[in-house]
Every structure is written in C-alpha cells, then in structure tokens.
Amino acid sequence: MSTLALLLTLIFVLIPLILSKTLQLGLEKDTLIATVRSIIQLLAVGYVLQFIFDSGNILYIFLMVALMIGAAVQNARKKGASIRGITWKLVLTFIVIEVLTQGILLGLQITPPTAQYIIPLSGMVIGNSMVLGILFLNRFTSEVASRREETELILSLGGTPKQAIQRSLLASIKASTIPTIESQKTIGLVQLPGMMSGQIIAGADPLQAVMFQLLILFLLLTTAIVTSIMLGFLSYPTKFNERMQVID
Amino acid sequence: MKQQAAITLQDVVYETEKNKIIHGITGMFTKGKITAIIGPSGAGKTTLFRLCNGLLSPSDGNILIDGEDILTFDPVNLRRRVGIVLQQATMLEGSVRDNVALSLQLAGKELKQDEAERIIQEVGLEAEILDRKSRDLSGGQKQKVSIARTLLNEPEILLLDEITSSLDRVSKQDIENLMRRINSEYGTTIIWITHNLEQAKSVADEVWVMMNGTIAEAGPIDILDHPENDAVKHFVMEEEK
C-alpha cells in the first residue's frame, strides 16, 4: 500500500467525526485520540518488529513478550481490584498460557522458532487471554456478590470454601469462555477473521491463510479455558480467611 | 446439680469497621436445654449465632464449647457440631432432594431414599416434595427443607434463627413439637431466636433477652413473667400487646 493510499484511508476517520459532530454525539475527542494512538502505537510496533526481525537476537523476543504481558496485566488488573494479589495472579496466568502454547507450537515444530512467528502468535494469545481475564474477573466479582447467601449457607453446613464458591466459580468460567466458543461456531460464515483477511489481501494462498487461521482458533480455545480456570482457582481463596469465613 | 455449659461466652465483642454489634457478652447456654433468645431487631442476636457457628470470629473475648475455644476447632467440624438454620432459608438451584442432600454431599456422603423420606416427613412435608424444584416451594416449605438439611448433620447444638416466622400456625406447632422431640430424644442443645414470646414460653427452658448487643436479662424462661430490667419489662409488654 502506498503512503498516499494510507492517507486516503483517513476518510474512514472523517466520516464518524462528521456524523458525531452533526448528530452531537460527543465522540469527536475520543475518535481523534483513538486514531492518533493507533497510528503512533502501530507505527512504533512496526519499527520495533522490523528491528527485532533484522537483529535475530532471541533476547529481544523475550523482551517483546514480557512487554506484552506487562501491558496485558496493567489493563486487566483494574477489573480484579477486589482480589488480593491480582497482579501476580495475572502475571502467572499469562506466563503459563504463553509457555504452554509456545511450548506446543515450537516443541511439535508446528511453527518455526523465529521472531516472525513467535511474536505475532504471542500477541494474539496474550491479548485474548487478557480479554478473557477481564471477562472472567468481571463475572466472578458479580457472581460472588450475588451468591453471598448461598456461599455462607454451604459454609454454615460444614462445606469448605472450595465447595462454597464452586457454583460462582463454574458459572464465571463458563460465562467468560462461551463467547470464544460461540464466535468460532459462525466463523467464516458471517465474517472472515482479521488475520486470514490480512494474509489474503497481502497475496497469500487462501488455503494457507485458512490453515493459519485454524491454528489461531484452536490456540484461542486453549487460551480461553486455561485463562479462566487458572484465574478462577488462583482467585477464589482470596475471598476467604483462614477461618473459612467470607471476606467482605 | 451443676448445669453443664454447651456454649460459654467470655466477654465476647464483635465489631465491624463501622459498628460495634456485640458489646462484651458473658454467659452460657446450658447443655441439653432449649434456650430462647428474644430482643428487638438490631440487638445482635443473629450476629451472636454467626459467631457461635464460626461464620464470624469475635473481635475480642472467647467462645468455648466443652471448655475449648472454638478458634482451636477446625471450622468444618465446628459447623457440623453447631448447626444453624438461617432465617432466609436460602435454596440452591435444583430439586428439593438436592437441597436436603446438601449437608451429606458436602461431607462426601450420599443421601439414601429412605433417609430422605424420613427427614422430610419429620419436618412435616410429604415425601413427594423431594422431586419438586426448590424454586417452586413456598416460604414455609423452604424453611422446613432448610431445617431438614441442617438436621442431617446431626448437630449437638442447634441454632434456629426465626425459623417459624414464615410458617402458618399448624406448621409452627409441628416444628415446635419436632424441636422438643429432638431435644428430649437426642439431648440436642437448642438455641432459638424468636420474636414470638408465646413460642418462647411454650418451648424454651431458659431465655436470654438481648438489647443493644448485650444481655439485658437472662435466666429460666419464667423471668419473662416478672422481668427486673425496665427495658426488658417494656419490651415484653410491647410484644404481648
């Protein structure tokens, strides 16, 4: 794509700006901020990736993945503010997801051990894990609050904290992973996934693009379920004290 | 003969960040007896129960069972020994059978059909109700199911928090008779929060009148006929109106 063509795409930013102004939606400022941020962030990432690919130094790959994890933790931790030690629980979850998925991909030689593969795939896995983490923490916090009486009933009858919170935990894990599973059922019918579309536009063989997209989809299934389960089992003990009482 | 204590409270205080709810209670619940706890709303009665069952821990003071501080007990064992039936009769999703079986299921045991029928009939319900959805039950039926599931733990001390407030007259009498029988047959100590003075006088051997987080007066149930404390006198008069 030429620079002129890229500049012309700003028409797609102008349309919402004009509509927002005309209908007094008040979205102009946020739209402008989002546009400027995405230009700066993506260009910066583009240059950084170029540098890493050219250098071939494995240390830069680690650094890049660590940065991704750091940003994902920073974003997701606000949703779990009521859970003690949420930062380290998120860090651990994202590291486990990354090690698990890259371990399988590289260990079984599904993808080559190069920055061109490791970094984009890690980005997708960690990004998705972050969204899942936010969905889970949101749901878990509200489930725990709404099922407080149920939790105390089970404790009062001699149940353990795990038994007492099991229903809230399972409901939250299920609710946070359903969107991933559901969206995969209609994929290709309603919309072509972004990565696949990008590859096809860039001139790749559509079947190759589909195969890579399938790899991503399967990766994201694991990411979804492992993120929710790990965060769930790491988080629930913080809702109780050592006397097996609910902490407010 | 010296009476044995089922639960002893030694200067028990409970306070949250905002409020002091229990202001240094000292006293004992006699083993094998039925004690009624009466008092106005907000007197700290339910909090006292939650302290005895281990759902809360005292901010200060000690609660002893058989001479041992309950803080030294494993919370799971404590809660099976000191059963509580809460006023709100919370039901889990699922059938009545699932709800009745809950206490056994938590202990890794199974509820057999004949045992399920026995306990459900004991609290005054028909065995057929076991297969109904718990959400379809009336308030009174829910209360009876919650009594049944607590009884399955065979607690040595039973805390009943306003359990008959949503029941009709006949059901109330059924539950009162059931509690008298459990008390006399198994020697279970029963501590019963009630707003109904008539009920307290009819079932209880002893009474605690709680006001503002303290014991205003305590003793044999007939102290309600001639209370010494002016506030208690006033409360009893109001309740009997």
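Chain B carries the name Phosphate ABC transporter ATP-binding protein, PhoT family in an unreviewed UniProt entry, which gives Terribacillus saccharophilus as its organism.

Under an unreviewed UniProt entry, chain A has the name ABC transport system permease protein and belongs to Terribacillus saccharophilus. Per UniProt, the comment on chain A under Sequence similarities (unreviewed entry) is "Belongs to the UPF0014 family." Here chain A is described in UniProt, under the heading Subcellular location (unreviewed entry), as follows: "Membrane".

With that settled, consider the overall build of chain A. From N to C terminus, chain A includes ten helices and zero strands. Listed N to C, the secondary structure of chain A is α-α-α-α-α-α-α-α-α-α in terms of helices and strands. Dimensions of chain A, computed from C-alpha atoms along their principal axes, come out at roughly 70 × 55 × 35 Å. The 248 residues of chain A split such that 38% are buried.

Every contact between the two is made by 17 residues of chain A and, on the other side, 26 residues of chain B. Its largest share of buried area at the contact with chain B, chain A owes to Ser156(A), Leu157(A) and Arg243(A), together 35% of the area lost on that side. Inspection of the chain A/chain B interface yields one salt bridge. Here Glu152(A) makes a salt bridge to Arg50(B), at a shortest N to O gap of 2.6 Å. For the pair chain A and chain B, the number of links is 13 residue pairs in polar contact (both at pLDDT 80 or more). Only α7 (148–156) and α8 (161–185) of chain A provide two or more residues apiece to the side of chain A that touches chain B. A class-by-class count of the residues in the side of chain A that touches chain B yields five nonpolar, six polar and six charged.

This next bit is on the nonpolar core. Core analysis: the largest hydrophobic core is formed by 47 residues, its most contacted members being Val100(B), Ile120(B), Ile147(B) and Met179(B). In this structure Ile120(B) touches Val96(B), Val100(B), Leu125(B), Glu126(B), Ala127(B), Ile129(B), Leu130(B) and Val145(B), once residues within four positions along its chain are discounted. Core analysis: the next-biggest nonpolar cluster, separate from the first, contains 41 residues, Ile52(A), Val65(A), Ala72(A) and Phe240(A) among them.

Okay, the domain arrangement of chain A next. Interface size is commonly expressed as the accessible surface area that is lost when the partners come together. Residue and element names in this part refer to chain A. The domain boundaries assigned to chain A delineate domain 1 (1–55) and domain 2 (57–246). One C-alpha centre belongs to domain 1, the other to domain 2; they are set 28 Å apart. Facing the six residues of domain 1 at the interface are seven residues of domain 2. The three residues of domain 1 that bury the most area against domain 2 are Ile-52, Phe-53 and Ser-55, which together make up 69% of that side's buried surface. Counting the contacts that link domain 1 with domain 2 gives one residue pair in polar contact (both at pLDDT 80 or more). In terms of residue class, the side of domain 1 that touches domain 2 is built from five nonpolar, one polar and no charged.

What follows covers the sheet that holds strand β3 (residues 34–38) of chain B. Residue and element names in this part refer to chain B. Reading across from one edge, β6-β7-β8-β3-β9-β10 is the order of the six strands in this open sheet, with mixed pairing throughout. Looking at which strands have only one partner, the edges of the open sheet turn out to be β6 (82–85) and β10 (214–220). Taken pair by pair, the neighbouring strands of this sheet meet at an average axis angle of 15 degrees, ignoring direction. Judged from the four bridges that link them, β6 and strand β7 (residues 157–161) form a sheet pairing that is parallel. By the bridge assignment, Val-82 is partnered in β7 with Ile-157. Sheet strands touched by helix α6 (residues 169–186): β3, β7 and β8 (189–193). Its angle to β8, the strand with the most contacts, is close to 150 degrees.

Further remarks concern the UniProt feature "transmembrane region" (unreviewed entry) in chain A. Residues annotated by UniProt as "transmembrane region" (unreviewed entry) correspond here to residues 44–69, 90–111, 117–138 and 214–236 of chain A. What you have in residues 117–138 of chain A is 100% helix and 0% strand, and the ends, taken at the C-alpha atoms, are 32 Å apart.

What follows concerns the sheet that holds strand β2 (residues 20–30) of chain B. All names here are of chain B. Judged by pairing direction, the sheet is antiparallel, and its four strands sit side by side in the order β2-β1-β4-β5 without closing on themselves. The open sheet has two edge strands, β2 and β5 (68–69), and neither has a second partner. Note that strand β4 (residues 60–65) and β5 share two bridges and pair antiparallel. Its bridge partner being in β5, Ile-65 is matched across the sheet by Glu-68.

Before going further, it helps to examine helix α4 (residues 58–76) of chain A. Residues and elements named next belong to chain A. Counted at 1.5 Å a residue, the expected span for α4 with its 19 residues is 27 Å, and the 27 Å between its end C-alpha atoms agrees. Its buried side turned inward, α4 meets α3 (28–55), α5 (86–107) and α6 (115–146). The opening residue of α4 is Asn-57, an N-cap whose side-chain oxygen sits 2.9 Å from the backbone nitrogen of Leu-59.

All names here are of chain A. Together, Leu-4, Leu-8, Ile-11, Phe-12, Ile-15, Leu-19, Leu-23, Leu-25 and Leu-27 make up an exposed nonpolar region whose accessible area comes to about 930 Å². Going through the elements one at a time, α1 (3–8) and α2 (11–22) are the ones with two or more residues in the nonpolar patch. Here the element with the most residues in the nonpolar patch is α2; it accounts for four residues.

Cut-off values and rules
- All residue numbers here refer to positions counted from 1 along the written sequence of the relevant chain.
- To label them, take the chains in the order written and letter them from A, then take the ligands in the order written and number them from 1.
- Predicted model: local features are reported for residues with pLDDT of at least 70 only, side-chain atom pairs are reported and counted for 80 or more only, and whole-chain, interface and lining totals are derived from all residues.
- Processing note: side-chain calculations cover all non-hydrogen atoms of the structure and skip hydrogens and water entirely.
- UniProt positions are given in the numbering used here, feature names are shortened, and annotations may be inferred rather than shown by experiment.
- The secondary structure listing takes helices from DSSP runs of H or I that are at least 4 residues long and strands from runs of E that are at least 2 residues long, numbered from the N terminus.
- Between buried and exposed lies partly exposed: a residue is buried under 20% and exposed over 50% of the maximum accessible area for its type, with that area taken using a 1.4 Å probe on protein chains only.
- When checking whether two residues touch, look at their non-hydrogen atoms; a contact exists if any pair is within 4.5 Å.
- Here the buried area means the combined drop in accessible surface, using a 1.4 Å probe, for two parts upon being joined, counting both sides.
- Between Lys or Arg on one side and Asp or Glu on the other, a salt bridge is scored when a side-chain nitrogen of the former is within 4 Å of a carboxyl oxygen of the latter.
- N or O atoms within 3.5 Å of each other form a polar contact, as long as, within protein, one can give a hydrogen and the other can take it, and as long as residues adjacent in sequence are counted only when both atoms are side-chain atoms.
- Throughout this entry, Asp, Glu, Lys and Arg are counted as charged residues, while Ala, Val, Leu, Ile, Met, Phe, Trp, Tyr, Cys and Pro are counted as nonpolar. The remaining residues, Gly among them, count as polar.
- Buried Ala, Val, Leu, Ile, Met, Phe, Trp, Tyr and Cys residues form a nonpolar core when they are joined through side-chain atoms within 4.5 Å.
- What counts as a domain boundary in this text is fixed by an automatic or database domain assignment.
- Two strands pair if DSSP finds at least two bridges between them.
- For every element, the axis is a line fit to its C-alpha atoms; helices are fit only across the contacting stretch, and the angle between N-to-C directions ranges from 0 to 180 degrees.
- To estimate the expected span of a helix, subtract one from its residue number and multiply by 1.5 Å.
- The patches reported here contain residues having more than 30% relative accessible area and no salt bridge. Joining distances are 9 Å for like charges and 5 Å for nonpolar side chains (Val, Leu, Ile, Met, Phe, Trp, Tyr).
- Each accessible area is a Shrake-Rupley result for a 1.4 Å probe, and residues are judged covered by the shown protein chains and nothing else.

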